[in-house]
Amino acid sequence: MDFAAERARLIEHISREIKDRRVLEVMARIPREMFVPEENRHLAYEDIPLPIGLDQTISQPFIIALMTEALELTGKEKVLEIGTGSGYQAAVLAGLARRVVTVERLPRLAETARKVLDSLGYNNIKIQLSGETLGWPEGAPYEAILVTAGAPRVPSELVAQLAIGGRMVIPVGSRYLQELVKITRQKRKNKIENLGGCRFVSLIGKGAWEDE
Ligand code: SAH
């Protein structure tokens, strides 16, 4: 299978809606096939989410591009991702920001992601296993926060980890269907925008959903 040609075709498809050249260029360089299990590699460049084991998924490329674009990264930011999963989204962020802290609750996924990211030579991504509090308060404040699992509401624990002027993108809604919400933290009233519908696995923890 010609992964490079498949990748170029996917990026061309996404570029019909995503206009941020930097996001497209970074995604055009990352081998998504490395982040999915062997048996799904032939589907790596379809614009769909794929299972990565333990009931979790690597997100749909278009949604990844949309969420990343909304963070308005310039290259200087420290970014927090909640939900490392395969590590693919962290790789996208690492190409557009100064530093990425990514938090995962399932040690086996964190371990696999670590190996792939190391093999690709990333040195500005730190993977942390999640603790009591959502996110990674030790590293706060962050100029951008990306949550790649769905929450019942915007967790105040995460807004607190956002710098003033910082952006957070998070799927909010029911267990099965959410809206992508963008919050810009401001000194007084935070700015809130809706970026459209989506479907993510659940964000688990205090301030989000219970483990089922
Ligand atoms: N961003 C990933 C996809 C993530 S799927 C990628 O690019 O592949 C959502 C992930 O969030 C799952 O791996 C799940 O285990 C994790 N997760 C759920 N609740 C979490 C929490 N409270 N803290 C950290 N990770 C969490």
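None of the values given here were measured: they were computed from a predicted structure. (Residues numbered from 1 in each chain as written. Predicted model: local features only at pLDDT ≥ 70, side-chain atom pairs only at ≥ 80, totals over all residues. Heavy atoms only, no water.)

J.: I'd like to hear about the layout of surface pockets, residue by residue, with values.
T.: To find leftover empty space, one rolls a probe the size of a water molecule over the atoms. The space that makes up the largest pocket amounts to roughly 820 Å³. Considering the residues around the largest pocket, the lining is formed by 45 residues, among which Q56, A149, V201, S202 and L203 are closest to the centre. If you list the elements that add at least two residues to the lining of the largest pocket, you get β2 (56-58), α3 (61-70), β3 (78-82), α4 (88-94) and β4 (99-104). Residue contributions to the lining of the largest pocket peak at three residues, all from β2. Within the lining of the largest pocket, the residues separate by chemical class into 18 nonpolar, 17 polar and 10 charged. (1 Å grid on protein atoms, 1.4 Å probe; cavity = no way out; pocket = protein on both sides within 12 Å on 5 of 7 lines; lining within 4 Å. Points joined across faces, edges and corners; volume = space filled by probe spheres on them. Helix = DSSP H or I, 4+ residues; strand = E, 2+ residues; numbered from the N terminus. Nonpolar A, V, L, I, M, F, W, Y, C, P; charged D, E, K, R; others polar.)

J.: Explain the packing of aromatic side chains to me, and be specific about the residues and the numbers.
T.: Under the criterion given, the structure shown has two aromatic pairs. For the pair F3 and Y45, a centre-to-centre distance of 6.2 Å together with 55° between the ring planes defines the contact as tilted. Note that F3 is positioned in helix α1 (residues 3-14) and Y45 in the loop between α2 (21-29) and β1 (50-53), a separation of 42 residues in sequence. Each ring, one from F35 and one from Y88, has its centre 5.5 Å from the other, and the planes form 80°; the classification is edge-to-face. With F35 in the loop between α2 and β1 and Y88 in helix α4, the pair connects residues that are 53 residues apart, well separated along the chain. Exposure class is identical for F35 and Y88. Each is buried. The lysine or arginine in question, R32, covers the ring of Y88, its NZ or CZ lying 5.8 Å from the ring centre. (Phe/Tyr/Trp six-rings, centres within 6.5 Å; stacked < 30°, edge-to-face > 60°. Buried < 20%, exposed > 50% of the residue type's maximum accessible area, 1.4 Å probe, protein only. Lys NZ or Arg CZ within 6 Å of the ring centre and 35° of its normal.)

J.: Residue-level account of α1, with values.
T.: End to end, α1 covers 16 Å across 12 residues, agreeing with the expected 16 Å (1.5 Å per residue, within 8%). Those residues of α1 hidden inside the fold are in contact with α2 and α3. (Expected span 1.5 Å × (residues − 1). Contact = heavy atoms within 4.5 Å.)

J.: Pulling in residues and values, what's your account of the site of the ligand?
T.: Around the ligand, a shell composed of 24 residues is seen, among which E81, G83, S86, E104 and I204 lie nearest. Contact distances for the ligand include 2.6 Å between an oxygen atom and a side-chain N or O atom of S86. In the model, a nitrogen atom of the ligand is placed 2.6 Å from a nitrogen or oxygen of the I204 main chain. Relative to its unbound accessible surface of 580 Å², the ligand loses 98% to contact with the protein. Using a 2 Å cut-off from the grid points, one finds that the ligand occupies the largest pocket. Every element with two or more residues in the shell around the ligand is listed here: β2, β3, α4 and β4. (Near = heavy atom within 4 Å. Polar contact = N/O pair within 3.5 Å; in protein donor to acceptor, adjacent residues only side chain to side chain. Areas by Shrake-Rupley, 256 points an atom, 1.4 Å probe, with all protein chains shown as cover. Sits in = over half its atoms within 2 Å of the grid points.)

J.: Which residues make up unusual backbone geometry, and what values do they have?
T.: Following A140, the chain continues into P141 via a peptide bond in cis, with omega recorded as 5°. Mapped onto the secondary structure, P141 falls in the loop between β5 (125-129) and β6 (142-147). The phi dihedral of L54 is positive, around 55°, even though this residue is not glycine. Within the secondary structure layout, L54 lies in the loop between β1 and β2. For L54, a relative accessible area of 35% translates into the label partly exposed.

J.: Can you explain the environment of W136? Please cite residues and give values.
T.: Within the secondary structure, W136 is located in the loop between β5 and β6. Along the chain, W136 and A28 lie 108 residues apart, while their C-alpha atoms are 29 Å from each other.

J.: Which residues make up the pattern of salt bridges, and what values go with them?
T.: Across all of its chains, the model carries 13 salt bridges by this definition. Linking R175 and E212 is a salt bridge whose minimum nitrogen-to-oxygen distance equals 4.0 Å. Here E212 lies in the segment after β9 (191-198) and R175 lies in the loop between β7 (162-173) and β8 (178-184), a separation of 37 residues in the sequence. For E212, a relative accessible area of 78% gives the class exposed. (Salt bridge = Lys/Arg side-chain N within 4 Å of Asp/Glu carboxyl O.)

Shape descriptors only; they carry no functional weight alone.
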